[in-house]
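Chains, contacts and geometry: an overview
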Amino acid sequence: GPAVAPRIGKTSVRKLASPLALDAGDDELVRQVVGLFNQRLMEQPHAQQYLVKRGIFDKAMVDEFQIGFTDRTFGYLLPPQQRHREDDLRNRLKKLGILRAETGHPHLAGRVVVPVFDDTCTRVVQIYGRLTGSGEPRHLNLPWPARGLWNSHVLKTAEEHILCEAVLDGLTFARHGFANVVACLGVE
């Protein structure tokens, strides 16, 4: 008999909803990315183990300071790139420096990440990343202008402050009960 063409059914794979709001402004989009990184840390035992080794893993502190982790799986959470659309999510994340323009991989991949907020604690002005494995550079920030102090809101409340060179040093002080700690993003 005649050959019967196979029936092509609809795929049973559900498209995941984007975890980021496509219509969010840049500041809100960056805050949502920080939230995703924070969620990813809690799904990655080896990233948590890195913080344990450094003596700074504490769930309350992870939540308070929005500590996160980013790896290449971040890209899988995003909808596919829409060709010829300047405002598509991936293009926006590339313009913001969250994704690398050349590869589309996260700029801070393989790193525990800590957002640096402005002194109102509402706007992310930088994200610091510390590599958990081997390789270089171990310390990396988003390709934004260097500005802000980590935990700067305490400058308004405490009379004395502990100033650290590095964010992870600041987290170490905070972990040991020194809430009045601020950190710059390296000596540069």
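In case you missed it, the structure is sitting above this.
I will try to describe carefully the structure that is included in this document. Per chain, residues are indexed from 1 in the order of the written sequence. For a predicted model such as this one, the threshold for reporting local features is a pLDDT of at least 70, and the threshold for listing and counting side-chain atom pairs is 80 or more; totals across whole chains, interfaces and linings nevertheless cover every residue. Side-chain descriptors were evaluated using all non-hydrogen atoms of the structure, hydrogens and water having been removed beforehand.

With respect to the environment of L168
Under the convention used in this document: Only DSSP runs of H or I with at least four residues qualify as helices, and only runs of E with at least two residues qualify as strands; both kinds are numbered from the N terminus onward. Any residue under 20% of the maximum accessible area for its type is buried, any over 50% is exposed, and the rest in between are partly exposed; the area is computed with a 1.4 Å probe on protein chains only.
Tracing the backbone shows L168 in helix α5 (residues 167-175). According to the relative accessible area criterion, L168 is buried, its value standing at 3%. Spatially, the C-alpha atoms of L168 and V114 are 8.7 Å apart, while their sequence positions differ by 54 residues.

Re the packing of aromatic side chains
Which entries qualify depends on this criterion: Aromatic rings from Phe, Tyr and Trp, taking only the six-membered ring of Trp, are treated as a pair when their centres fall within 6.5 Å; an angle between ring planes under 30 degrees marks them as stacked, one over 60 as edge-to-face, and anything in between as tilted.
Tallied over the full model, the rule gives 3 aromatic pairs. Taken together, a centroid distance of 5.8 Å and an interplanar angle of 75 degrees make the contact between F173 and F178 edge-to-face. What makes F173 partly exposed here is its relative accessible area of 33%.

Description of the side chain of N151
Test applied: Polar contacts here mean pairs of N or O atoms no more than 3.5 Å apart (in protein, one a potential hydrogen donor and the other a potential acceptor; neighbouring residues in sequence count only if both atoms are side-chain atoms). Any pair of residues with heavy atoms lying within 4.5 Å of one another is described as a contacting pair.
Following the sequence through the fold, N151 ends up in the loop between β4 (139-141) and β5 (162-164). A polar side-chain atom of N151 sits 3.5 Å from the main-chain carbonyl oxygen of A179. The residues contacting N151, other than those within four sequence positions of it, are F65, A179, V181 and V182.

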